[in-house]
Amino acid sequence: MYFFLSIIFLAVPACLAQLPGGLQEVHGLNASDPMVQFAVQAINSFYQKNGDNAARTLVNIVSAFTQVVQGELLHLNLTVTTGQQNELCVVKVWSRPWLPEPEGLKTSVDPVCTPLAQPTTKKPVLVGGERTIDLQSDEVKKALSFAVKTINNQTNSLYWKKYTGISKVTAQIVSGVSYRFYGVRLAPTDCVKSSIISDHCRVASNARSQQCDFKVWSQPWLKPAYKLTDLKCKNA
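Heads up: these notes are all about the structure in this document.

Quick notes on the rules
- Residues numbered from 1 in each chain as written.
- Predicted model: local features only at pLDDT ≥ 70, side-chain atom pairs only at ≥ 80, totals over all residues.
- Heavy atoms only, no water.
- 1 Å grid on protein atoms, 1.4 Å probe; cavity = no way out; pocket = protein on both sides within 12 Å on 5 of 7 lines; lining within 4 Å.
- Points joined across faces, edges and corners; volume = space filled by probe spheres on them.
- Nonpolar A, V, L, I, M, F, W, Y, C, P; charged D, E, K, R; others polar.
- Helix = DSSP H or I, 4+ residues; strand = E, 2+ residues; numbered from the N terminus.
- Contact = heavy atoms within 4.5 Å.
- Polar contact = N/O pair within 3.5 Å; in protein donor to acceptor, adjacent residues only side chain to side chain.
- Salt bridge = Lys/Arg side-chain N within 4 Å of Asp/Glu carboxyl O.
- Buried < 20%, exposed > 50% of the residue type's maximum accessible area, 1.4 Å probe, protein only.
- Disulfide = S-S within 2.5 Å.

Things to note about empty space enclosed by the protein
- One pass over the structure, following the stated rule, counts one cavity of 30 Å³ or more.
- Within this model, the largest cavity holds a volume of roughly 40 Å³.
- Together, Leu23, Phe65, His75, Asn77, Lys92, Ser175, Gly176 and Trp221 line the largest cavity.
- In the lining of the largest cavity, the residues fall into three nonpolar, four polar and one charged.

This is the structure we're talking about:
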């Protein structure tokens, strides 16, 4: 009995070293690491399937975290370049070496890349640092659409509000991407909330607009993938 209990107590520290689901930061990864190379290939394959044939190459590894989820799930935040544009990419590489290919090494969700407004290889994006990004990128549009819908749902108003302008957007790497929106102008439309809001909804005459600042946290591997925080609005 004493021998059996000794085995149990000896095993406990090894289990606590990395609990299932817990994130641990990874240091020392470089471009030659097989999982990093696979991540870059996955980014290119995903965009090629969607009609974007620009070859993306790695600029730098912004951050890396590992997670025990029926194998190893490597959370990578990478800066890549097409030669014309730098992009900030979130990739999740799932390694289960006991399974045959392609299940043994795959991405758990589709890669998400956001164009950087001022690409440069001399000043890499740092973890926690904010960078101004392109207002017209698909990911910014999705995050903004989510925010406007959430604000509408939280507002006690008979009419839908519509986005009419924006001052600036920044991105920050925080276990995903945190988009910070500045000076988003929202105006009431002539569409009541009992109807579906669309591009045909017009800004109401003599409408009293609001100007809002907020953050949208994007974690595409979660459901829901977006979260609205730090909402502050004032009359424009």
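This is not the end of the story, as more comes after the structure.
Details of unusual backbone geometry
- With omega at 5 degrees, the peptide bond leading from glutamate 101 into proline 102 counts as cis.
- Turning to its location among the elements, proline 102 is positioned in the loop between strand 4 (86-95) and strand 5 (105-107).
- Non-glycine residue glutamine 70 carries a positive phi angle of around 50 degrees.
- Relative to the assigned elements, glutamine 70 resides in the loop between strand 2 (57-68) and strand 3 (72-81).
- Notably, aspartate 230 is not glycine yet its phi reads approximately 55 degrees, a positive angle.
- Tracing the backbone shows aspartate 230 in strand 12 (residues 226-235).

Observations concerning the environment of threonine 114
- Of note, threonine 114 is situated in strand 6 (residues 112-115).
- As a C-alpha pair, threonine 114 and alanine 171 span 57 residues in sequence and 8.8 Å in three-dimensional space.
- Not counting chain neighbours up to four residues away, the residues in contact with threonine 114 comprise Asn86, Glu87, Leu88, Ile133, Ser137, Glu139 and Tyr179.
- A polar atom in the side chain of threonine 114 sits 2.7 Å from the side chain of tyrosine 179.

Side note on the pattern of salt bridges
- Applying the stated rule across the entire model yields seven salt bridges.
- Between glutamate 103 and arginine 96 there is a salt bridge; the shortest N-O distance is 3.2 Å.
- According to the relative accessible area criterion, arginine 96 is buried, its value standing at 10%.
- Here the residues in one salt-bridge network are Asp52, Arg56 and Glu87, joined through shared partners.

Description of the state of the cysteines
- Scanning all chains against the criterion turns up three disulfides.
- Across a sulfur-sulfur distance of 2.1 Å, cysteine 89 and cysteine 113 are joined as a disulfide pair. For the disulfide bridge between cysteine 89 and cysteine 113, the dihedral angle about the S-S bond is near 110 degrees, and by the sign convention the bridge is right-handed. With cysteine 89 in strand 4 and cysteine 113 in strand 6, this residue pair connects regions lying 24 residues apart in the sequence. Neither residue differs from the other here; cysteine 89 and cysteine 113 are each classed as buried.
- Here cysteine 212 engages in a disulfide with cysteine 233; their sulfurs sit 2.0 Å apart. Here the S-S torsion is close to 110 degrees, and the disulfide linking cysteine 212 with cysteine 233 is therefore right-handed. Of the two residues, cysteine 212 sits in strand 11 (residues 210-218) while cysteine 233 sits in strand 12, which places them 21 residues apart along the sequence.
- Residue cysteine 212 is classed as buried on the basis of its relative accessible area, which comes to 0%.
- The connectivity of the disulfide-linked cysteines in the protein chain, indexed sequentially, is 1-2, 3-4, 5-6.

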